[in-house]
Amino acid sequence: MSDHVAIAIDGPAASGKSTLARQLAAKLDLIMVNSGEMYRAVTWKVLQDGIDPKDAEAVIAALVEMDIECSVAEGRSVVRLDGRRTGDELRSEAVNGSVSAVAAIPEVRNRLVEMQRGFLEFGNVIMEGRDIGTVVFPDTPFKIYLDADAGVRAGRRVAVGEVDSVEDRDREDSRRKTAPLQVAAGAAILDTSGHTIESGTEAALELLREQGLKL
Ligand SMILES: Nc1ncnc2c1ncn2[C@@H]1O[C@H](COP(=O)(O)OP(=O)(O)OP(=O)(O)O)[C@@H](O)[C@H]1O
Ligand SMILES: Nc1ccn([C@H]2C[C@H](O)[C@@H](COP(=O)(O)O)O2)c(=O)n1
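Rules and cut-offs
Residues numbered from 1 in each chain as written. Chains lettered and ligands numbered in written order. Predicted model: local features only at pLDDT ≥ 70, side-chain atom pairs only at ≥ 80, totals over all residues. Heavy atoms only, no water. UniProt positions renumbered as here; feature names shortened; annotations may be inferred. Salt bridge = Lys/Arg side-chain N within 4 Å of Asp/Glu carboxyl O. Helix = DSSP H or I, 4+ residues; strand = E, 2+ residues; numbered from the N terminus. Buried < 20%, exposed > 50% of the residue type's maximum accessible area, 1.4 Å probe, protein only. Near = heavy atom within 4 Å. Polar contact = N/O pair within 3.5 Å; in protein donor to acceptor, adjacent residues only side chain to side chain. Areas by Shrake-Rupley, 256 points an atom, 1.4 Å probe, with all protein chains shown as cover. Contact = heavy atoms within 4.5 Å.

For the protein, the name recorded in an unreviewed UniProt entry is Cytidylate kinase, with Haloferula rosea as its organism. Taken from UniProt, the Sequence similarities (unreviewed entry) comment for the protein reads in full: "Belongs to the cytidylate kinase family. Type 1 subfamily." For the record of the protein, the UniProt heading Subcellular location (unreviewed entry) holds the text "Cytoplasm".

Written out as structure tokens, the structure reads:
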């Protein structure tokens with residue numbers, strides 16, 4: 001059991017979780033953990049090995065062989081896969097199109113959730129993903145569920161030239177049996193559709209203060 005603080009930021013694709021986590025990590029001197037990168041890393045390796053991401057048995061067999069190492073560098077989580085630091089390859093169209101299938105496999109989740117919880121040993125953490133407030137840190141009082149209009153979110157992806165069907169991923173992430181995307185008990189809901197990055201950050205900070213955050 002750690003004395004450190006965990007802040008959970010959950011929400012659908014392109015709702016602004018990473019952006020908000022980055023802003024709050026800088027303001028509050030927190031370790032920023034992007035849990036999605038870990039699911040993307042497993043997915044990338046599965047695709048590299050020519051495995052069907054929907055073949056759970058084959059994915060699990062490959063997972064056993066994967067050397068996934070998580071650490072902290074410059075205040076944020078770093079994922080190494082088989083000794084190599086991951087990069088932009090995790091945001092490819094292929095990974096975007098398969099990551100939800102891989103993330104729906106309970107054995108994949110069990111292994112990555114255990115690693116995610118381990119970050120709390122390093123210090124106060126802000127972690128973003130889909131199940132942080134429901135599964136990874138269910139007992140933290142500091143939870144925000146970030147959302148935005150589907151069209152706004154799709155537009156945000158187009159604006160950076162990323163090919164990503166946010167609605168398809170959201171559907172898969174919300175309907176899966178294990179750790180579906182949902183609003184965690186006690187989470188404050190923040191819609192970023194009408195917010196700038198700055199105003200969204202201020203609104204989130206206000207919500208966390210109302211939840212008793214003293215950092
Ligand atoms: N409040 C905002 N207003 C305008 N653009 C935003 C806002 N928040 C984030 N963005 C932009 O939207 C894009 C997606 O943001 P971000 O990567 O933080 O979303 P995300 O929820 O982490 O996505 P995913 O879960 O798919 O990784 C980025 O280009 C980011 O700069
Ligand atoms: N805690 C998490 C984080 C991510 N996932 C899955 C579902 C997402 O579609 C995918 C990519 O995440 P992103 O990089 O878009 O945040 O990974 C999950 O199931 N649980």
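This brings us to the pattern of salt bridges. All chains considered together, the criterion is met by 13 salt bridges. Put simply, Glu202 and Lys27 hold a salt bridge, and the shortest N to O gap is 3.2 Å. With a gap of 175 residues between them, Glu202 in helix H9 (residues 197–210) and Lys27 in helix H1 (residues 17–28) connect regions that are remote in the sequence. Here Arg169 ties to Asp164 by a salt bridge, and the two come within 2.4 Å at their closest N and O atoms. The pair Arg169 / Asp164 is uniform in exposure class, with both members buried. One continuous salt-bridge network, built from bridges that share partners, spans Arg91, Arg157, Glu162, Asp164 and Arg169.

Attention now goes to the site of ligand 1. The full set close to ligand 1 counts 17 residues, and Gly16, Lys17, Ser18, Thr19 and Arg157 are the nearest of them. For ligand 1, an oxygen atom lies 3.0 Å from a polar atom in the backbone of Ala14. Between ligand 1 and Gly16 there is a distance of 3.0 Å, counted from an oxygen atom to a backbone nitrogen or oxygen. For ligand 1, the accessible surface in isolation is 630 Å², of which the surrounding protein chains cover 80%. At the level of elements, H1 and helix H7 (150–159) are the ones that each hand at least two residues to the shell around ligand 1. Looking at the shell around ligand 1, the element that brings in the most residues is H1, giving 3 residues.

Mapped onto the secondary structure, Glu69 falls in strand E3 (residues 68–73). Along the sequence, Glu69 and Arg84 sit 15 residues apart, while their C-alpha atoms lie 9.3 Å from each other. Sequence-distant contacts of Glu69, defined by excluding residues within four places in its chain, comprise Val78, Val79, Arg80 and Met115.

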